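Overview (structure and organization)
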Amino acid sequence: MIFGRSERRKAPVEPVTLKILVAGGFGVGKTTLVGAVSEIRPLRTEELLTEAGRPVDDTEGVERKSTTTVAMDFGRITLREDLVLYLFGTPGQNRFWFLWDELATGALGAVVLADTRRLEDCFAAVDYFERRSIPFIVGVNCFDGAAQHPADAVRQALDLDPDVPVILCDARDKESVKDVLIGVVGHAAEAAERRQPAAT
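First, a word on scope: everything that follows refers to the structure included in this document. (Residues numbered from 1 in each chain as written. Predicted model: local features only at pLDDT ≥ 70, side-chain atom pairs only at ≥ 80, totals over all residues. Heavy atoms only, no water.)

Here we look at the nonpolar core
Core analysis: the largest hydrophobic core is formed by 26 residues, its most contacted members being L21, V112, F129, F136, V138, L158 and L160. Looking at this core, the elements with two or more residues in it are strand 1 (16-24), helix 2 (100-104), strand 5 (109-114), helix 3 (123-131), strand 6 (136-141) and helix 4 (151-158). Of all the elements, helix 3 adds the most residues to this core, at four residues. Once you skip the residues sitting within four places of it in the chain, V112 turns out to touch A23, C122, A125, V126, F129, F136, I137, V138 and G139. (Core = buried A, V, L, I, M, F, W, Y, C linked by side-chain atoms within 4.5 Å. Buried < 20%, exposed > 50% of the residue type's maximum accessible area, 1.4 Å probe, protein only. Helix = DSSP H or I, 4+ residues; strand = E, 2+ residues; numbered from the N terminus. Contact = heavy atoms within 4.5 Å.)

Remarks on the pairing of strand 7 (residues 166-169)
Alignment of strand 6 against strand 7, held across four bridges, turns out to be parallel. Paired with V140 across the bridge in strand 7 is L168. (Pairing = 2+ DSSP bridges.)

Observations regarding the packing of helix 1 (residues 30-37) against helix 5 (residues 174-195)
The geometry of helix 1 relative to helix 5 is characterised by a closest axis approach of 9 Å and an angle of 100 degrees between their N-to-C directions. Considering the angle they form, helix 1 stands roughly perpendicular to helix 5. Listed contacts from helix 5 to L33, A36 and V37 of helix 1 are K174, V177, K178 and L181. Across the contact of helix 1 with helix 5, the residue classes tally to five nonpolar, no polar and two charged. (Axes fitted to C-alpha atoms, helices over the stretch in contact; angles between N-to-C directions. Parallel < 35°, antiparallel > 145°, perpendicular 65-115°, else oblique. Nonpolar A, V, L, I, M, F, W, Y, C, P; charged D, E, K, R; others polar.)

Considerations on the side chain of T90
Residue position: T90 is located in the loop between strand 4 (83-89) and helix 2. Beyond its immediate sequence surroundings of up to four residues, T90 is in contact with V22, A23, G24, K30, W100 and L103.

Here we look at the state of the cysteines
On inspection of all chains with the given rule, the structure shows zero disulfides. For the unlinked cysteine C169, the closest cysteine sulfur is that of C142, found at 6.4 Å. On the basis of relative accessible area, C169 is assigned to the buried category, the value being 4%. (Disulfide = S-S within 2.5 Å.)

Some words on the packing of aromatic side chains
Two aromatic rings are characterised by how far apart their centres lie and by the angle between their planes. For the structure shown, the criterion picks out six aromatic pairs. Centre to centre, the rings of F74 and Y86 are 5.7 Å apart; their planes meet at 40 degrees, and the pair counts as tilted. Residue F74 is found in strand 3 (residues 67-80), and its partner Y86 is found in strand 4; the two are separated by twelve residues along the sequence. Taking the relative accessible area as the measure of exposure, Y86 reaches 29% and is therefore partly exposed. (Phe/Tyr/Trp six-rings, centres within 6.5 Å; stacked < 30°, edge-to-face > 60°.)

Here's the deal with unusual backbone geometry
At S133, a residue that is not glycine, the phi angle is positive and equals roughly 55 degrees. For S133, the location among the structural elements is in the loop between helix 3 and strand 6. The exposed category is assigned to S133, whose relative accessible area is 56%. Unusually for a residue other than glycine, D159 sits at a positive phi of about 55 degrees. Here D159 lies in the loop between helix 4 and strand 7. Using a relative accessible area of 64% as the deciding quantity, one classes D159 as exposed.

Quick look at the structure:
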């Protein structure tokens, strides 16, 4: 009671939950991105790189990497009271690509994380989402010491459609990652609008 009147309580908001994939090549920073922004302790399925895997795990350019995701990363972030994103990081190596179809089921959109030092490593992810008509954006992870390239140059190198956003980011920085996630949600919403039949 406040001044003799009962206080009206706001009805709890049932949030909309959306599934976003985080894909890209081996060692590009997918696990780091999910961990940087997740409000829960991320689920990780990382294993140590072994001598047996050396012939198939190309560590050129990421020589200090000692673990790899073998199934997925999972995290969650609340963007607004009524909007929650579930983040699923895909494994980067070819031998785990059979998991992608399962992870992609029900996804609103995807982030293809790119490293400009190994840009060819994200071609497969770009091709995957293009073929399945899953809206995606490209997040260019700006590694310390790596040459910086403008978004338009990355777009041209990846031969992306003009409407695919390219966003420079730091996968370690929560605010930077939030910008990327807001970008993919917005892009997916625009793609859904374009698919709607015109009103007659």
